[in-house]
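# Observations on the model geometry
Okay, here's what each chain looks like letter by letter:
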Amino acid sequence: MWRRGAVLAALAVLLGLLMLLHADIPNRVGNLGSLTETFLPWLGLFLPVLLGLALWRRSATALIALLLPAVVWANLFGGLLSDKSGKGGNFTVATHNVNAENPNPAATARAVAASGADVVALEELSDASRYAKALAGTYKYHSVQGTVGIWSKYPLQLSQPVDIKLGWTRALRATVRTPQGPVAVYVAHLPSVRVKFNAGFTAGQRDNSAEALGRAIAQEPEKRVVLLGDLNGTMNDRSLAPITSQLRSAQGAAGDGFGFSWPASFPMARIDQIMVRGMDPVSAWTLPATPSDHLPVAARFKI
């Protein structure tokens, strides 16, 4: 019983070390560290597989070794398994990458508005006028900068593009004048990433844009800040640290589960983010699927 399963025990230890030391996986070769961190929660799927094999082999050594990856995974993600959402709040936001090739913009816009959000952010707009028409009855104020837009029930001021070093506009900043005071809202769509056999995880352009967006948020004078958008990265991805080090994830603080948003057909990662500072997250959730390849996400805050 003790001599069996040495290979399984070694695999369990390696799995635990991979999760424990994920921040030390280098990005120099194909951004391997960021790729691992993007799908880090899914490494937990190896736990029941190794457990089943250990029981089949009747290996006490393997079972004990499995404690390492189990404890590490629980420490990293166990808190996301519980429902942390609460009641109350007075400011609701939603964000959605609508997909440039969306066949039904009107239905998509109405589905996001049905969340009851006070502020809606949309990314990857190819024809903003179709969304504006569908949302006009609910949102009196809106601003579109390049391929991103913001719709609000409250007055908007100082709406302007944010330079994220792309050569065209995929981010904006606006002040929302809520009854409780001003809130600076950023809407961003960072560059896409790809996994290529000959190049690995191609995220260089996204990483540069994340640094630029982080600098803009660091210089924001308003006390209350919300970032909405498709960041093409998860909260675990070290390359988004210029942003994530300044803001709090609404899903992590007040969500139910992982809140995966992409791809809509089988969500595997949360790359659509709602992040905040200066306000308390009360609840966060994903909305039903639309014709887009992303799920909309929403959150409610207490100002």
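Residues numbered from 1 in each chain as written. Predicted model: local features only at pLDDT ≥ 70, side-chain atom pairs only at ≥ 80, totals over all residues. Heavy atoms only, no water.

A separate point is the overall build of the chain. Across its full length, the chain carries 10 helices and 14 strands. Structurally, the chain occupies a C-alpha span of about 70 × 45 × 40 Å along its principal axes. Taken over 303 residues, the chain has a buried fraction of 50%. Pairs at least 24 apart in sequence give 67% of the contacts found in the chain among residues at least 6 apart. For the chain, the exposed area adds up to about 13800 Å²; of that, 58% sits on carbon and sulfur atoms. Put simply, the chain has 28 plus and 19 minus side-chain charges, and the middle of one group is 5 Å from the middle of the other. (Helix = DSSP H or I, 4+ residues; strand = E, 2+ residues; numbered from the N terminus. Buried < 20%, exposed > 50% of the residue type's maximum accessible area, 1.4 Å probe, protein only. Contact = heavy atoms within 4.5 Å. Areas by Shrake-Rupley, 256 points an atom, 1.4 Å probe, with all protein chains shown as cover. Lys, Arg positive; Asp, Glu negative; His and termini not counted. Charge placed at Lys NZ, Arg CZ, Asp CG, Glu CD.)

Now for the nonpolar core. Counting 24 residues, the largest nonpolar core has Phe-91, Val-93, Ile-150, Val-226, Leu-228, Ile-274 and Phe-301 as its most contacted members. Elements with a minimum of two residues in this core: β1 (91–97), β2 (119–123), β4 (148–152), β6 (171–178), β7 (181–189), β10 (225–230), β12 (272–277) and β14 (297–302). Dropping the residues within four chain positions of it, Val-93 is found in contact with Ala-117, Val-119, Leu-228, Ile-274, Val-297, Ala-298, Ala-299 and Phe-301. Of all hydrophobic cores here, the second largest spans 20 residues; its members include Leu-166, Ala-210, Leu-240 and Leu-247. (Core = buried A, V, L, I, M, F, W, Y, C linked by side-chain atoms within 4.5 Å.)

On the surface, Val-7, Leu-11, Val-13, Leu-14, Leu-17, Leu-20, Leu-21 and Leu-68 cluster together to form a nonpolar patch covering roughly 670 Å² of accessible area. The leading source of residues in the nonpolar patch is helix α1 (residues 6–20), at six residues. Among the secondary structure elements, Leu-11 is positioned in helix α1. (Patch = residues over 30% accessible without salt bridge, like charges linked within 9 Å, V, L, I, M, F, W, Y side chains within 5 Å. Salt bridge = Lys/Arg side-chain N within 4 Å of Asp/Glu carboxyl O.)

When we look at burial in helix α5 (residues 67–77), the residues that qualify are Pro-69, Val-72, Trp-73 and Phe-77. Along the long axis of α5, the arc covered by the buried residues comes to 100 degrees, so they all point the same way. Looking at α5, the residues exposed on the side facing more than 90 degrees away from the buried face are Leu-67, Val-71 and Asn-75. Lining the buried residues of α5 we find α1, α3 (46–57) and α4 (60–65). (Arc of directions from axis to C-beta.)

Time to look at the side chain of Arg-170. Here Arg-170 lies in the loop between β5 (156–161) and β6. Of the side chains with opposite charge, Glu-124 lies nearest to the buried Arg-170, which makes no salt bridge, at 6.1 Å. Beyond its immediate sequence surroundings of up to four residues, Arg-170 is in contact with Thr-147, Val-148, Ile-164, Val-187, Ala-188, His-189, Leu-190, Pro-191 and Ser-192.

On to the pairing of β4, then. Buried residues dominate β4, accounting for five of its five residues. Residues Val-148, Ile-150 and Ser-152 of β4 are buried on one face, and the alternating residues Gly-149 and Trp-151, pointing to the opposite face, are buried as well. Bridging between β2 and β4 involves five bridges; their strand directions are antiparallel. Looking at β4, one finds that Glu-123 is bridged to Val-148. Note: strand β3 (residues 141–145) against β4, five bridges, orientation antiparallel. Note on β4: the bridge partner recorded for Val-144 is Gly-149. Between the end of β3 and the start of β4, which pair antiparallel, lie two residues, with Gly-146 showing a positive phi angle near 65 degrees. (Pairing = 2+ DSSP bridges.)

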